[in-house]
Amino acid sequence: NRGAQWKCIFGQYRMPHVRTPYLLVASEYDSFQLSTAVGWKTPKSTGEKLYASEFAKKTAALAESLRANWTSTDGPNAVYSWACYCHAQTMTNQGFDS
C-alpha cells in the first residue's frame, strides 16, 4: 500500500505476510518496548501495569493469529511467546538453563 511502507519494519504488520520458514521469539512483556513506552523503567503505577497488560495481550494475540493462519505452503514455522519481562532473549541463557 502506498503510504504504508513504514509498517514493514514492525513485526505485527510484517509477519502475517512472511511465507518463508521462520522462528518467532516474542516476550509478551518485552522489556525494551515497555520501558521505552513508560519511561525506561519497570511498569509500577496502575496505568503502566494496565498498559503492559494490554501490550502483552496484543503480543500473545499476534502469536496466536500467526499460528492459526498458517497454511500448508507456509513451511515449517514456530512461535515461542512467553509472559516474561525481558528482551533479546536469544542472546542469553536466562529462563532456559535456570
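The sections below set out a description of the structure shown in this document. Just so we're clear, the structure is a prediction, and the values are computed from it rather than from any experiment.

Some details on the side chain of N77
The residue N77 is located in the loop between helix 3 (46-68) and strand 2 (78-86) in this model. Given a relative accessible area of 14%, N77 falls into the buried group. Separated by 2.9 Å, the side chain of N77 and the backbone nitrogen of Y22 make a polar contact. Those residues in contact with N77 that lie beyond four places of it in its chain are T20, P21, Y22 and W70.

A word on the environment of F55
As for its placement among the helices and strands, F55 is situated in helix 3. You can call F55 buried: its relative accessible area is 17%. Once the C-alpha coordinates of F55 and Y29 are considered, the two residues, 26 residues apart in sequence, prove to be 7.0 Å apart.

What counts as what
Residues numbered from 1 in each chain as written. Predicted model: local features only at pLDDT ≥ 70, side-chain atom pairs only at ≥ 80, totals over all residues. Heavy atoms only, no water. Helix = DSSP H or I, 4+ residues; strand = E, 2+ residues; numbered from the N terminus. Buried < 20%, exposed > 50% of the residue type's maximum accessible area, 1.4 Å probe, protein only. Polar contact = N/O pair within 3.5 Å; in protein donor to acceptor, adjacent residues only side chain to side chain. Contact = heavy atoms within 4.5 Å.

Interpretation note: all reported values are geometric properties and have no functional meaning in isolation.
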